[in-house]
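Fold and contact review
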Amino acid sequence: MTSIVEALVPGGKANPGPPLGPALGPLGVNIKEVVEKINEKTRDYNGMQVPVKVIVDDKKNVEIEVGTPPTASLIMKEIGIQKGSGNAGSEVVGNLNISQVAKIARMKREDVLSYDLKSTMKEVIGTCVPMGVTVEGVKPRDSQKALDQGKFDDLLAGEEW
């Protein structure tokens, strides 16, 4: 029987304590080795919470799947803030340009339901609304409309999906 442990861990800094240790202990695997592998795989996401899935089969073989951090975490890292606004309607904590939005959209490609870059970018921009983050200096909903109207098409022409 295969066991699956899912957890959010700090990128590159997972430890044998909760939530991993107590969940992996009963499965009879070497927790230290598993944590080291997780830290190796999540090193690029330093400082962000990263979803991790540890799959242990009957023979104690361990497979680790690393997901993409939440969109809000990617936005905060991109603009260099620790947390979003408490007053999203009136307080702006940062600004993303359209290239940064495209970069985040490509990172989230495997985790979203959208089929193209523009739709995924609209999802990323939608996450900016409650965070108090503007896009190209305007409110996120206005930048979504501009994206729909094709105002960023020339900037996105070179962007790959």
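An account of the accompanying structure is given in this report. (Residues numbered from 1 in each chain as written. Predicted model: local features only at pLDDT ≥ 70, side-chain atom pairs only at ≥ 80, totals over all residues. Heavy atoms only, no water.)

Attention now goes to the overall build of the protein. What the protein contains, in helices and strands, is seven helices and five strands. Starting at the N terminus and ending at the C terminus, the protein contains elements arranged as β-α-α-β-β-α-β-α-α-β-α-α. The C-alpha extent of the protein, read off along each of the three principal axes, is 55 × 30 × 20 Å. Sorting the 161 residues of the protein into buried and exposed places 38% on the buried side. Pairs at least 24 residues apart make up 60% of the contacts formed inside the protein by residues separated by at least 6 positions. Distance from the positive charge centre (20 side chains) to the negative charge centre (22 side chains) of the protein: 4 Å. (Helix = DSSP H or I, 4+ residues; strand = E, 2+ residues; numbered from the N terminus. Buried < 20%, exposed > 50% of the residue type's maximum accessible area, 1.4 Å probe, protein only. Contact = heavy atoms within 4.5 Å. Lys, Arg positive; Asp, Glu negative; His and termini not counted. Charge placed at Lys NZ, Arg CZ, Asp CG, Glu CD.)

Within this structure, the stated rule accounts for five salt bridges. A salt bridge links E36 to K32; the nearest nitrogen and oxygen atoms lie 3.3 Å apart. One end of the pair is E36 and the other is K32, both in helix α2 (residues 31-42) and four residues apart, which spans about a single turn. Overall, K32 belongs to the exposed group, its relative accessible area being 57%. The residue K108 makes a salt bridge to D111 at a minimum N-O spacing of 3.9 Å. (Salt bridge = Lys/Arg side-chain N within 4 Å of Asp/Glu carboxyl O.)

Read from one edge to the other, the open sheet built from three strands follows the order β1-β2-β3, with strand pairing classed as antiparallel. Here the strands that pair on one side only, and so sit at the sheet edges, are β1 (3-10) and β3 (62-66). On average, adjacent strands in this sheet sit at an angle of 25° to one another, irrespective of strand direction. Relative to strand β2 (residues 49-56), β1 runs antiparallel, the two being bridged by eight bridges. Paired with L8 across the bridge in β2 is P51. α2 contacts β1, β2 and β3 of the sheet and is inclined by roughly 30° relative to β3. (Pairing = 2+ DSSP bridges. Axes fitted to C-alpha atoms, helices over the stretch in contact; angles between N-to-C directions.)

Inspection of the sheet shows β2 paired to β3 by five bridges, in the antiparallel sense. Note on β3: the bridge partner recorded for V54 is I64.

Before going further, it helps to spend a moment on the side chain of N39. For N39, the position within the fold is in helix α2. Setting aside anything within four residues of it in sequence, one finds N39 in contact with G12, K13 and A14.

So, about the nonpolar core. Ranked by internal contacts, the top residues of the largest apolar core, which has 40 residues, are L20, L24, I38, V54, I75 and M121. With six residues, helix α5 (residues 117-131) is the single largest residue contributor to this core. Apart from the residues lying within four places of it in its own chain, the contact partners of I38 are V9, A14, L20, V52, V54 and I64. (Core = buried A, V, L, I, M, F, W, Y, C linked by side-chain atoms within 4.5 Å.)

A few words on the packing of helix α3 (residues 71-79) against α5. Packed helices, taken two at a time, are described by the angle their axes make and the gap between the axes. Remark: α3 packs on α5, axes separated minimally by 10 Å, with the N-to-C direction vectors making an angle of 75°. Viewed along their axes, α3 and α5 adopt a mutual orientation that is roughly perpendicular. Every residue of α5 that contacts α3 at T71, A72, I75 and M76 is listed here: V124, T127, C128 and M131. Taken together, the residues that form the contact of α3 with α5 break down as six nonpolar, two polar and no charged. (Parallel < 35°, antiparallel > 145°, perpendicular 65-115°, else oblique. Nonpolar A, V, L, I, M, F, W, Y, C, P; charged D, E, K, R; others polar.)

Moving on: the packing of α3 against helix α4 (residues 98-107). The geometry of α3 relative to α4 is characterised by a closest axis approach of 10 Å and an angle of 140° between their N-to-C directions. Note that α3 runs across α4; the crossing there is right-handed. Here T71, L74, I75 and E78 of α3 come into contact with α4, specifically with Q100, K103, I104 and M107. A breakdown of the residues in the contact of α3 with α4 according to their chemical character gives four nonpolar, two polar and two charged. (Left-handed = near helix turned anticlockwise from the far one by under 90°.)

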